[in-house]
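Coordinates in review
The residues making up each chain are set out below.
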2 protein chains.
Amino acid sequence: MSDVADMTDMGDRTDLGCAAAKVRGRPRSPAADAAIIEAALRLLEEGATVDGLSIERIAREAGVGKATVYRRWPGKDALMLEVLRSLEESGPEPAGISVRDDIVTVLEFMRRRGLAKRNSALLRSVVTQMHANRELWRAYEENVIAARRASLYEVLRRGVERGEIRGDVDLELLGELFTGPMLTRAILHEWRELPEGLAERIVDTVLEGVSPRG
Amino acid sequence: MSDVADMTDMGDRTDLGCAAAKVRGRPRSPAADAAIIEAALRLLEEGATVDGLSIERIAREAGVGKATVYRRWPGKDALMLEVLRSLEESGPEPAGISVRDDIVTVLEFMRRRGLAKRNSALLRSVVTQMHANRELWRAYEENVIAARRASLYEVLRRGVERGEIRGDVDLELLGELFTGPMLTRAILHEWRELPEGLAERIVDTVLEGVSPRG
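What counts as what
Residues numbered from 1 in each chain as written. Chains lettered and ligands numbered in written order. Predicted model: local features only at pLDDT ≥ 70, side-chain atom pairs only at ≥ 80, totals over all residues. Heavy atoms only, no water. Contact = heavy atoms within 4.5 Å. Buried area = accessible area lost by both parts, 1.4 Å probe. Salt bridge = Lys/Arg side-chain N within 4 Å of Asp/Glu carboxyl O. Polar contact = N/O pair within 3.5 Å; in protein donor to acceptor, adjacent residues only side chain to side chain. Helix = DSSP H or I, 4+ residues; strand = E, 2+ residues; numbered from the N terminus. Nonpolar A, V, L, I, M, F, W, Y, C, P; charged D, E, K, R; others polar. UniProt positions renumbered as here; feature names shortened; annotations may be inferred. Core = buried A, V, L, I, M, F, W, Y, C linked by side-chain atoms within 4.5 Å. Buried < 20%, exposed > 50% of the residue type's maximum accessible area, 1.4 Å probe, protein only. Phe/Tyr/Trp six-rings, centres within 6.5 Å; stacked < 30°, edge-to-face > 60°.

Let us look at the interface of chain B and chain A. On the chain A side, the residues contacting the 44 residues of chain B number 44 residues. Taking both partners together, chain B and chain A bury about 4000 Å²; carbon and sulfur atoms supply 57% of that area. Glu176(A) is paired through a salt bridge with Arg185(B); the nearest N and O atoms lie 2.9 Å apart. Counting the contacts that link chain B with chain A gives 18 residue pairs in polar contact (both at pLDDT 80 or more). Elements with a minimum of two residues in the side of chain B that touches chain A: helix 8 (134–161), helix 9 (171–188) and helix 10 (198–208) of chain B. Grouping the amino acids of the side of chain B that touches chain A by side-chain chemistry returns 21 nonpolar, 9 polar and 14 charged.

Below is the structure:
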């Protein structure tokens, strides 16, 4: 399995990358951050592999010293997470008003991410490589995916509290009933389209059920 | 992406492997068939790769001549499909009575296949290797998966005709609403359980919907 679990991303960014800088109490220059990330992206675009890249090589490409990179990120994994996030749209931000609309927002994020991955060879390659690297993927799961998942569960829990969603289905399965069809379309059946309006159709049909209502 | 699309298997076996024998009009010996397939499995279990295996090596391991293998299968891909199928349960056979029960049968097949793959290193390895081989996977898709998918669509179509399923959802999406949650659980979220009764819960919840019925 590879480049797969990433599509369960449903929350928003954490700031793993900032930890080291904060500890040392030094202000970060956004320009240097960007230069380092762009250098890594440039190397990846030129065919470097995620595993093959070293902090040293990235620093050289960015025209900074290794210490400048380490001041910002504790290691290559943390930097790579930030590189991947720079390629992604930021996660969905459920507005917190209508539960139905909030679930649509989550699924729409997944749809757009699926499209982005189909259309960007670079994103595709980085995700696939990161997925093949167990350590790196675990870090991504723990720092990015987990937050997105928690954000969906939050919406679903609110739906149950308000009586908009049945309370007799466990939360994990509930999440999968909504996200499963979109994941299937976006990842497993890549030959199928991801048209606008798909998120709405899935959410409304799962809410309503597919047997005719009386 | 790898070892993924296979879980959309939903139909039953075709007989690609028999074609060559039929053309030549020679009776096949089931014992020789089994000996050849077992030889291939033995080599795979001992660590041979699907790509690395040759008809010659399989024939030698089975104690038969190359011609004996070619009389049964037109080439290695056809033989490998049969090897994979020998590791799998045979596809679901919807009984054709209750649409709900027939969909449960399809999902239950997917659940059991997910469990089998988690529990059998050999099945896992063969599926993953076959998935990485574009030609081989295409043959598997066209000969095995397509039939399973058609079988599900047949059930869904019957459900719509009988008024048990809404007619305003397109067939592909309808299929994904049922299979998506099971695929998500079985493939994408391998750390989640695949308990008995899961197929029934998914089918009933998708039929009924997750918003409370008045």
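When the UniProt feature table is mapped to this numbering, "DNA-binding region" (unreviewed entry) covers residues 54–73 of chain A. Across residues 54–73 of chain A, helical content stands at 75% and strand content at 0%; the span's end C-alpha atoms are separated by 13 Å.

Let us now look at the nonpolar core. Ile103(A), Leu107(A), Phe178(A), Ile103(B), Leu107(B) and Phe178(B) are the most contacted members of the largest nonpolar core, which has 58 residues in total. For Leu107(A), the contacting residues outside a window of four places in its chain are Phe178(A), Thr179(A), Met182(A), Ala199(A), Ile202(A) and Val203(A).

Moving on, we come to the packing of aromatic side chains. All names here are of chain A. As enumerated under the stated definition, the model contains 2 aromatic pairs over all chains in all. The interplanar angle of 50° and the centroid separation of 4.9 Å between the aromatic rings of Trp137 and Tyr140 together place this pair among those described as tilted. A residue pair is termed a helical-turn pair when its members lie 3 or 4 positions apart in one helix, as Trp137 and Tyr140 do in helix 8 (residues 134–161) at 3 residues. For the pair formed by Trp137 and Tyr140, the shared burial category is buried.

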